[in-house]
Structures are given as C-alpha cells and as structure tokens.
Protein chains: 2
Amino acid sequence: MALLIHHPVSPFCRKIRILMSEKKMLFVLKEEEPWKPSQDLYKLNPAGDLPVFLYDGNIISGNYPITEFLEEFSKETPLLPKDIKQRAEVRRLVEWFDTKFYKEVYRNIVYEKAHKRFGTGRAPDSRILKVGLNNLNFHMEYIDWLAERNNYLAGEEFSLADVTAAAHLSIVDYMGDVPWDGYKNAKLWYSKIKSRPSFKEILKDNIKGILPAKHYTNLDF
Amino acid sequence: MALLIHHPVSPFCRKIRILMSEKKMLFVLKEEEPWKPSQDLYKLNPAGDLPVFLYDGNIISGNYPITEFLEEFSKETPLLPKDIKQRAEVRRLVEWFDTKFYKEVYRNIVYEKAHKRFGTGRAPDSRILKVGLNNLNFHMEYIDWLAERNNYLAGEEFSLADVTAAAHLSIVDYMGDVPWDGYKNAKLWYSKIKSRPSFKEILKDNIKGILPAKHYTNLDF
C-alpha cells in the first residue's frame, strides 16, 4: 500500500493520483496544505513541496521523480509509448503543461484564488486573474488543435500527456474558469478523460473554502 | 551529427550540451536569443523555448524530453543509476535545480541581469537581485551538505544530478555571484566538475554584453 501526501489544489498531486489509479496501485492519501508546509513535510522532502510518495520504505518526492518511478516500477497500463521518439513527444507535452501552463495559467489563477487567499489572507488581484484567463485561451486553442488531429493529445493512444494536461485543466475547471464553449474538440477530449475510472476520485475533490463549479463533476458539461 | 539550438545564458541548454559531451555525441550549436524568440524557433517548438535538439530528422524540444531521450538513446556514460530508487533520488535533485533553484535563484539573478536588460532595456532591480543572492546562500548550504556526504551530489557516482546542478550554478558563476568562500565542500565538488572534458566548452562560453567573472574558467578558484 502506497501513501501519497497531497493536496487537491496541486496539479502535480492530481497527476500522481491518476497515474496510480491507471496502474491499479492501492494507495491512501494524506492532505497537507501547500501554503503552510509542516515540519513533518520538510523532514520527508527538504524542498517542502508536494507530492511526496511513500512506498515500501522508500520516500520519493516531487512530480518528475514520482512520475518516472511509477512508469518504471509498474508495467500495468504503460503511459509512455515504446518508441523513444514518441516518448519524447509525450514528454514534450508533459513539460508544456507542467512548466508553461503552470506558469502562465495556474500561477495567475489558482495561486491567486487559493494559495494567496489561504496563505496570506489577501484577496486575488483581478489584473493577475485577467492575465491568467487570457493565457488560458491560448492554451485551450492548443489543446483543441491537438485534440482535432488525434484521439488523444500525443497521438492515437492515451498517454502521460493526457494525464498531465487533464490534471492541470481539472483544477482550473474546479474554479469554474475554463471557457469550454469555444473549444469543441478540447471538450470532447476532456469528456473522454472524465469518464475514465482513474478520474473518478479527482471529480470528488473538495477544497476547503472553495466550492467546485457546478459542472465540475458532470460528464456532459 | 546533432544540432542544438541554444543560448549560453540558459541552464537547460548548458545541461544538454554537457550531456551530449558525456555521451560522446557529435553536435553543432546554433545560438538563439531567449528574450527574442524567432519565428523559425516557433516553427520548431510551439512553446518558443530553448533548447531544441535536431537529430536524424527528429525535432525534440525542451529540457525534460531531450534529457530523457539522450539517456534512453545513448548507452554511453549512463547518467541515471540502474536501481529505480536511486534513479528517483537523482531525479529529485534534477527537479530541485530545474524548478526550485531556477525559480529562487535564476529568475532573480540571471533573468534580471540578462533577459530583462536585453529583452526590455531596463536595468536589474536591486531588491530582486538581493532576494536571489539570499536564496543562493540557502542552495549553497544544501550543495555543501550533499557534497560533504558523498563524492557526488546523489551518491558515489557522477550522475544527471551533478550535470544539472553544475549547469545551473555555472551560469550564476559566470555572473560572478556564487559565494564560494563559505562552502568548501561545494567548491571541491564544483572543481571536480569543472575539470571534466564535458565541461570544457561551458567554460569558454561568452554572453554578448556580459563579461564572465574573472575566476569563471579557473580550475583553482
């Protein structure tokens, strides 16, 4: 049995949870507030970041190491293709969401609405939110473009690119900020992800102090 | 023959250059300014970021995909250990430098001194520089602590953790901002890295408009 120290506001934790479910791993969750990391968290991970994965006496910290560990450790539902060039394309999209989407959208929207509010007591800055929403349109166009070409974001097969993109998008969707109407291919793609069993628990997420958007759990949104 | 589109100010490009050298790959470099990405760069990498790696008709963009591709493609000088738990420890440190060091040090020091100046014409903000220098002391303590315990940062063997840390540290050292005097284990570790053949070209780097610190190329600094 694995233990994941996580928070529902973190896209990286969401990613690892979906991964573990896809790989049929048994796990329990422990919540930790990312805006107030405890001394216990620092003892496990000197970076003080989430997620932290505990399994069989091992402590593995951080998005990238846990993701690659799960892929190497569990042969169930491989989420990286066999061909190394295709693997590179999947990882390009993983980096796109973990770095670019995170910086341009998450930091401006979710960070303002959650981390800032709960960590400092200050209200979100409407100018920063506006920048995030603007950037989100650009990312939605890109997802729509990818989803129009293939069944899944990196090709015909479901992969780590879809897991990563959906993890990031789902937390912004929880906040009610994803403009689905303009992007029918992106919407169709996301409805496929939403109906996967591995996504079920993500749709039950609840962040203390913030209600999910009304359509958040709907498969038909 | 591989082609890397890079810039000497980018720690991610430095990392890939060291990796390719460790793996005895033949490559040529093409410089692109990160603060003024060209239309040609966007055609190769829609994210508009460096590095971009071209090899045998393939285009691979970004730090994470290129790194893992090189490790999977070339069996020469493996830079990840065989044991998957040790691989996770190496990747934890890779993420530490690529994410935490990048955000806390690079963004505050190198970005201010280079990207801001060359991209916008504005002078660096001394308050931001001070935050970066302060954060750098914390990271130097951590490197010193790691280097005191083992030959290399993630254990007894040279690994991707050392390549990544040295890539990030070298660009801050170019700017003359690394406080070596207080950290003798970190200094000893870095002098070992500096004397590797794969690091030779890094020490010849020249950023137009910024002279390297006097000790930048010295093996005894």
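Treat the numbers as computed from the prediction; the structure is a model and nothing was measured.

**Let's talk about the sheet that holds strand S3 (residues 52-55) of chain A**
All names here are of chain A. If you trace the four strands from one edge of the open sheet to the other, you get S2-S1-S3-S4, paired in mixed fashion. Looking at strand neighbours, the two that pair on one side only are strand S2 (27-31) and strand S4 (58-61), the edges of this open sheet. Within the sheet, the average angular offset between the axes of one strand and its neighbour, ignoring direction, is 20 degrees. Pairing of strand S1 (residues 2-6) with S2, which is carried by five bridges, proceeds in the parallel orientation. Of the residues in S2, the one forming a bridge with Ile-5 is Lys-30.

**Quick look at the relation of the copies chain A and chain B**
Under the fitted operation, chain A is carried onto chain B by 0.0 Å of movement along the axis and a turn of 180 degrees, and the coordinates agree to an RMSD of 0.0 Å. A rotation of that kind, with that shift, is consistent with a two-fold axis. Residue by residue, 100% of the interface of chain A is reproduced at the interface of chain B, so both copies engage with the same surface.

**Some thoughts on the packing of aromatic side chains**
By the definition in use, this model includes 37 aromatic pairs over all chains. Aromatic side chains Tyr102(B) and Tyr106(B) sit 4.9 Å apart centroid to centroid with 15 degrees between the ring planes, which places their arrangement in the stacked category. Of this pair, Tyr102(B) and Tyr106(B) both sit in helix H4 (residues 84-106), four residues apart, which is roughly one turn of the helix. Feature note: the residues Trp180(A), Trp189(A), Tyr190(A), Phe199(A) and Phe221(A) constitute an aromatic cluster, connected by ring pairs. For Arg196(A), the ring lying beneath its charged end belongs to Phe158(A), and the centroid distance is 3.4 Å.

**Details of the confidence of the model for chain A**
Of the residues in chain A, 100% reach a pLDDT of 70 or more, and the chain-wide mean stands at 97. Both scores are given for the predicted complex: the pTM is 0.97, the ipTM 0.96.

**A look at the interface of chain A and chain B**
Between chain A and chain B, the contact holds 25 residues from the first and 25 residues from the second. For the chain A and chain B pair, buried surface summed over both sides reaches about 2400 Å², with 61% attributable to carbon and sulfur atoms. Applying the counting criterion to the chain A and chain B interface returns six salt bridges. A salt bridge links Glu68(B) to Arg91(A), with the shortest nitrogen-to-oxygen separation between them at 3.8 Å. Where chain A touches chain B, the interface holds 14 residue pairs in polar contact (both at pLDDT 80 or more). Broken down by secondary-structure element, the contributors of at least two residues to the side of chain A that touches chain B are S4, helix H3 (63-73) and helix H4 (84-106) of chain A. In terms of residue count, H4(A) provides more of the side of chain A that touches chain B than any other element does, 10 residues in total.

**What about the pattern of salt bridges?**
Residues and elements named next belong to chain A. Tallied over the entire structure, the rule returns 36 salt bridges over all chains. In this structure, Glu-112 and Lys-116 form a salt bridge, with 2.9 Å as the shortest nitrogen-oxygen distance. With Glu-112 and Lys-116 both in helix H5 (residues 110-120) and four residues apart, this pair spans about one turn of that helix. Exposure class is identical for Glu-112 and Lys-116. Each is buried.

Conventions we followed
Residues numbered from 1 in each chain as written. Chains lettered and ligands numbered in written order. Predicted model: local features only at pLDDT ≥ 70, side-chain atom pairs only at ≥ 80, totals over all residues. Heavy atoms only, no water. Pairing = 2+ DSSP bridges. Helix = DSSP H or I, 4+ residues; strand = E, 2+ residues; numbered from the N terminus. Axes fitted to C-alpha atoms, helices over the stretch in contact; angles between N-to-C directions. Least-squares fit on C-alpha atoms with pLDDT ≥ 70 in both. Contact = heavy atoms within 4.5 Å. Phe/Tyr/Trp six-rings, centres within 6.5 Å; stacked < 30°, edge-to-face > 60°. Lys NZ or Arg CZ within 6 Å of the ring centre and 35° of its normal. pLDDT = per-residue confidence, 0-100. Buried area = accessible area lost by both parts, 1.4 Å probe. Salt bridge = Lys/Arg side-chain N within 4 Å of Asp/Glu carboxyl O. Polar contact = N/O pair within 3.5 Å; in protein donor to acceptor, adjacent residues only side chain to side chain. Buried < 20%, exposed > 50% of the residue type's maximum accessible area, 1.4 Å probe, protein only.

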